[in-house]
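# Fold and geometry: a report
Okay, here's what each chain looks like letter by letter:
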Amino acid sequence: MPLPAALASKLAKRGLYTANTPKSTDKERKRDYRGVVGCPNKNNIYHDCTYWCDVHWKPANIPDPRYMRNVGKLLQKYPLPHHWTEIFDKGLKRYYYWDMETDMVSWLPPKHPRAKITESAAKLRERRAKGVTAEDRSISKLDLDDSKNDRKRHSKSSRRDRESDNSDRRHKYEEKDHGRKRSRREDIIDPMDPAAYSDVPVGTWSDGLESNKADADDNASSGALYQQRPYPSPGDILAANKSKSKR
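What counts, and at which threshold
Residues numbered from 1 in each chain as written. Predicted model: local features only at pLDDT ≥ 70, side-chain atom pairs only at ≥ 80, totals over all residues. Heavy atoms only, no water. UniProt positions renumbered as here; feature names shortened; annotations may be inferred. Helix = DSSP H or I, 4+ residues; strand = E, 2+ residues; numbered from the N terminus. 1 Å grid on protein atoms, 1.4 Å probe; cavity = no way out; pocket = protein on both sides within 12 Å on 5 of 7 lines; lining within 4 Å. Points joined across faces, edges and corners; volume = space filled by probe spheres on them. Nonpolar A, V, L, I, M, F, W, Y, C, P; charged D, E, K, R; others polar. Buried < 20%, exposed > 50% of the residue type's maximum accessible area, 1.4 Å probe, protein only. Phe/Tyr/Trp six-rings, centres within 6.5 Å; stacked < 30°, edge-to-face > 60°. Lys NZ or Arg CZ within 6 Å of the ring centre and 35° of its normal. Core = buried A, V, L, I, M, F, W, Y, C linked by side-chain atoms within 4.5 Å. Contact = heavy atoms within 4.5 Å. Pairing = 2+ DSSP bridges. Arc of directions from axis to C-beta. Salt bridge = Lys/Arg side-chain N within 4 Å of Asp/Glu carboxyl O.

Looking at an unreviewed UniProt entry, one finds the chain named Polyglutamine-binding protein 1 and attributed to Photinus pyralis.

Under the local residue numbering, the UniProt record ascribes the feature "domain: WW" (unreviewed entry) to residues 78-112. Taken as a whole, residues 78-112 contains 0% helix and 40% strand, while its terminal C-alpha atoms sit 6 Å from one another.

Computed from the structure, the largest pocket encloses a volume of approximately 690 Å³. K42, N43, D89, Y96 and S120 are, among the 27 residues lining the largest pocket, the residues nearest its centre. No other element matches the five residues that helix α4 (residues 121-130) contributes to the lining of the largest pocket. Class assignment of the residues belonging to the lining of the largest pocket gives a composition of twelve nonpolar, five polar and ten charged.

What follows is about unusual backbone geometry. Positive phi values are uncommon outside glycine, yet K93 reaches one of about 60°. As for its placement among the helices and strands, K93 is situated in the loop between β1 (84-89) and β2 (94-99). On the accessibility criterion, K93 (42% relative accessible area) is partly exposed. At D103, a position not held by glycine, the phi torsion is positive, near 60°. Mapped onto the fold, D103 is located in the loop between β2 and β3 (105-106). Accessibility expressed as a relative area gives 29% for D103, which makes it partly exposed.

Right, let's get into the packing of aromatic side chains. Counted by the stated rule, this structure contains four aromatic pairs. With centroids separated by 5.9 Å and ring planes inclined at 70°, the aromatic side chains of Y96 and W107 adopt a geometry described as edge-to-face. Placement of Y96 in strand β2 and of W107 in the loop between β3 and α4 is noted, with a sequence separation of eleven residues between them. Residue class for Y96 comes out partly exposed when judged on its relative accessible area of 22%. Every member of this aromatic cluster is reached through a ring pair, and the members are Y67, F88 and Y95. Between the NZ or CZ atom of R94 and the centre of the ring of Y67, over which it lies, the distance is 4.5 Å.

Residues Y67, V71, W84, F88, Y95 and Y97 constitute the largest nonpolar core, which totals six residues. Dropping the residues within four chain positions of it, Y95 is found in contact with P63, Y67, M68, E86, I87, F88 and W107.

As judged from the six bridges shared by β1 and β2, these two strands associate in the antiparallel manner. Along β2, the bridge assignment pairs I87 with Y96. Counting the residues between successive antiparallel strands, the hairpin from β1 to β2 contains four residues, one of them, K93, with a positive phi of roughly 60°.

Now for α4. Along α4, the residues that are buried comprise A121, A122 and R125. Buried residues of α4 fall within an arc of 100° about the axis and therefore sit on the same side. Trailing α4 by a residue or two, G131 shows a phi angle of about 110°, which is positive.

This part covers the pattern of salt bridges. Where charged atoms from two side chains of opposite charge come close, those side chains can pair. The full count for this structure, using the stated rule, is four salt bridges. Of the charged contacts, one joins D103 and K123 as a salt bridge, the two residues approaching to 2.7 Å between their closest N and O atoms. Residue D103 is found in the loop between β2 and β3, and its partner K123 is found in helix α4; the two are separated by 20 residues along the sequence. E119 is the partner of R127 in a salt bridge, and the nearest nitrogen-oxygen pair spans 2.7 Å. Exposure remark for R127: the relative accessible area of 44% places this residue in the partly exposed category.

Let's shift gears to the environment of R128. Note on placement: R128 falls in helix α4. Non-local contacts of R128, meaning those with residues more than four positions away in its chain, are made with I45 and Y46.

Another point: the environment of L74. Inspection of the secondary structure assignment puts L74 in helix α3 (residues 65-77). By relative accessible area, which is 22% here, L74 ends up partly exposed. Residues L74 and H112, spaced 38 residues apart in sequence, show a C-alpha to C-alpha distance of 8.9 Å. Not counting residues up to four positions away in its chain, the partners in contact with L74 are Y97, L108, P109 and H112.

Listed below in structure tokens is the structure:
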């Protein structure tokens with residue numbers, strides 16, 4: 001049973017009582033945003049080192065000799081300012097450069113034309129873990145609005161594109177159907193036309209008329225009007241045969 005607070009404070013002043021402070025748990029401990037020393041992914045602000053990183057990745061204390069020669073040539077060409085120093089990363093086995101005055105870092109010497117001087121990954125990871133600031137929220141809101149507007153414009157343009165594609169496709173199908181119908185009409189031959197049952201070429205409606213057959217002796221014996229030739233009817237044939245038999 002714990003002692004009352006007043007009695008515990010009096011006994012503590014006399015040195016007769018020491019308060020048993022509970023041990024801090026892992027969640028209550030201060031989080032180390034620098035990550036595991038040997039982990040090559042600790043420079044990624046979206047990576048959180050775990051127990052697996054501590055067991056799996058072993059730090060390297062000696063850099064590659066070939067790499068050291070290249071670093072020496074690089075520093076001869078782009079020397080470091082007086083407030084900059086080089087630090088060896090045991091996870092990536094590479095040197096990075098740290099500004100002791102501003103606490104900024106860079107993977108290349110600061111005088112290099114491609115050098116990107118930024119905050120360390122630990123600071124960026126800590127800022128990300130603690131949440132975004134009001135400015136970041138406003139920026140993210142603007143980005144969200146821009147993305148919504150982009151989606152609206154994209155949907156409108158895609159709708160117009162779909163409508164134009166549908167109209168082009170419909171027009172193409174109509175042309176195909178029209179050509180198919182016309183070809184079908186052209187392929188059909190009038191059964192009364194001699195070309196339907198002989199080798200005579202297909203004629204037009206005016207073939208066989210007197211204007212086209214002026215020199216022909218019998219303009220009804222050929223052409224489109226050949227079936228109008230006055231053949232005797234069956235009754236006339238029977239009557240003629242009957243008269244012949246009576247004779």
